[in-house]
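# Survey of secondary and tertiary structure
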Amino acid sequence: AAGVIQSPRHLIKEKRETATLKCYPIPRHDTVYWYQQGPGQDPQFLISFYEKMQSDKGSIPDRFSAQQFSDYHSELNMSSLELGDSALYFCASSFHPFSSGGAGETQYFGPGTRLLVL
Amino acid sequence: KQEVTQIPAALSVPEGENLVLNCSFTDSAIYNLQWFRQDPGKGLTSLLLIQSSQREQTSGRLNASLDKSSGRSTLYIAASQPGDSATYLCAVSGNAGNMLTFGGGTRLMVKP
């Protein structure tokens, strides 16, 4: 079965540089979520999109922005990178509760993008 | 603000034992609860999802229960195997938007 695809899998950047992470959800899923997991920490919700509109916003810094495109893939844009941004960034996808029709809203996670800021 | 706690933080058991992992949450107004498995440096694998109206879900050797009123969930693993060694995370969704709040995880080691 198709899973969530994230690219790149690894990324090394310098401070103050920019980075773009991409996420391709499971086919037919209409909702995408972004999470950040720092070293030794649990995942923290950043932002989500339903049908290309922002759905919920969590602890996403103002330096970050994201969007969902017409083909439902999503991109997380990170600017003015800081050392503390080094983390594993996960994308997840699901059917939205409004549209699942009983299929359930299980979130399926991608393998993550490991970002290292030097 | 929702807070999710998992006890114990780490657990080591011999192969074949049945074990229980605990998850508690402070706000009982949840939409659903999901259990995940995470191997070191890897992604999260969904194990079970329990809707707020459900009491339990089963998948193979795994059984998850939910007591929403008391803010508790348990994950029961029967006949544990070394391959079950991983970190187990529970996460709750507090609204129909489905964003997840995670607990700190239980790091499980099953010894052969």
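That block above? That's the structure.
An account of the accompanying structure is given in this report. (Residues numbered from 1 in each chain as written. Chains lettered and ligands numbered in written order. Predicted model: local features only at pLDDT ≥ 70, side-chain atom pairs only at ≥ 80, totals over all residues. Heavy atoms only, no water.)

## Points about the overall build of chain A
Helix and strand counts for chain A come out as 0 helices and 11 strands. Along its sequence from the N terminus, chain A presents helices and strands in the succession β-β-β-β-β-β-β-β-β-β-β. For 118 residues, the compact-globule estimate of 2.2 N^0.38 gives 13 Å, and chain A sits close to it at 14 Å. Its C-alpha atoms give chain A principal-axis dimensions of roughly 45 × 25 × 25 Å. Counting every position in chain A, which comprises 118 residues, the buried fraction comes to 51%. At a minimum sequence separation of 6, the contacts of chain A that also span at least 24 residues come to 55%. Accessible surface for chain A amounts to roughly 5,600 Å². Of this, 50% is attributable to carbon and sulfur atoms. Looking at chain A, you have 10 positive and 12 negative side-chain charges, and the mean spots of the two groups are 6 Å apart. (Helix = DSSP H or I, 4+ residues; strand = E, 2+ residues; numbered from the N terminus. Rg over C-alpha atoms; globule rule 2.2 N^0.38 Å. Buried < 20%, exposed > 50% of the residue type's maximum accessible area, 1.4 Å probe, protein only. Contact = heavy atoms within 4.5 Å. Areas by Shrake-Rupley, 256 points an atom, 1.4 Å probe, with all protein chains shown as cover. Lys, Arg positive; Asp, Glu negative; His and termini not counted. Charge placed at Lys NZ, Arg CZ, Asp CG, Glu CD.)

## Notes on the interface of chain B and chain A
Between chain B and chain A, the contact holds 22 residues from the first and 22 residues from the second. When chain B packs against chain A, close to 1,600 Å² is buried across both sides, 54% of that on carbon and sulfur atoms. Sorting the residues of chain B by area buried against chain A places Asn98, Met99 and Phe102 of chain B first, and these three jointly supply 28% of that buried surface. Linking chain B with chain A are 0 salt bridges. Counting across the chain B and chain A interface gives 4 residue pairs in polar contact (both at pLDDT 80 or more). Grouping the amino acids of the side of chain B that touches chain A by side-chain chemistry returns 9 nonpolar, 12 polar and 1 charged. (Buried area = accessible area lost by both parts, 1.4 Å probe. Salt bridge = Lys/Arg side-chain N within 4 Å of Asp/Glu carboxyl O. Polar contact = N/O pair within 3.5 Å; in protein donor to acceptor, adjacent residues only side chain to side chain. Nonpolar A, V, L, I, M, F, W, Y, C, P; charged D, E, K, R; others polar.)

## Some points on the state of the cysteines
All names here are of chain A. Evaluated as defined, the whole model comprises 2 disulfides over all chains. A disulfide bridge connects Cys23 with Cys91, and the sulfur atoms are separated by 1.7 Å. Disulfide Cys23-Cys91: torsion about the S-S bond near -55 degrees, hence left-handed. In this pair, Cys23 is assigned in strand 3 (residues 19-24) and Cys91 in strand 9 (residues 87-94), connecting sequence segments 68 residues apart. Given the relative accessible area of 0%, Cys23 is considered buried. (Disulfide = S-S within 2.5 Å.)

## A short note on the pattern of salt bridges
All names here are of chain A. Counted by the stated rule, this structure contains 6 salt bridges over all chains. Lys22 is the salt-bridge partner of Glu75, the closest N and O atoms lying 3.9 Å from each other. With a gap of 53 residues between them, Glu75 in strand 8 (residues 74-78) and Lys22 in strand 3 connect regions that are remote in the sequence. A network of salt bridges, in which partner residues are shared, links Arg63, Glu82 and Asp85.

## Quick look at the sheet that holds strand 3 of chain A
Residues and elements named next belong to chain A. Pairing within the open sheet is antiparallel, and its 4 strands lie in the order 1-3-8-7. At either margin of the open sheet sits one strand with a lone partner, and together these are strand 1 (5-7) and strand 7 (64-68). Each adjacent strand pair in this sheet contributes to an overall mean axis angle of 15 degrees, direction not counted. In this structure, strand 7 lies alongside strand 8, joined through 5 bridges in antiparallel fashion. Within the sheet, the bridge partner assigned to Ser65 lies in strand 8 and is Asn77. (Pairing = 2+ DSSP bridges. Axes fitted to C-alpha atoms, helices over the stretch in contact; angles between N-to-C directions.)

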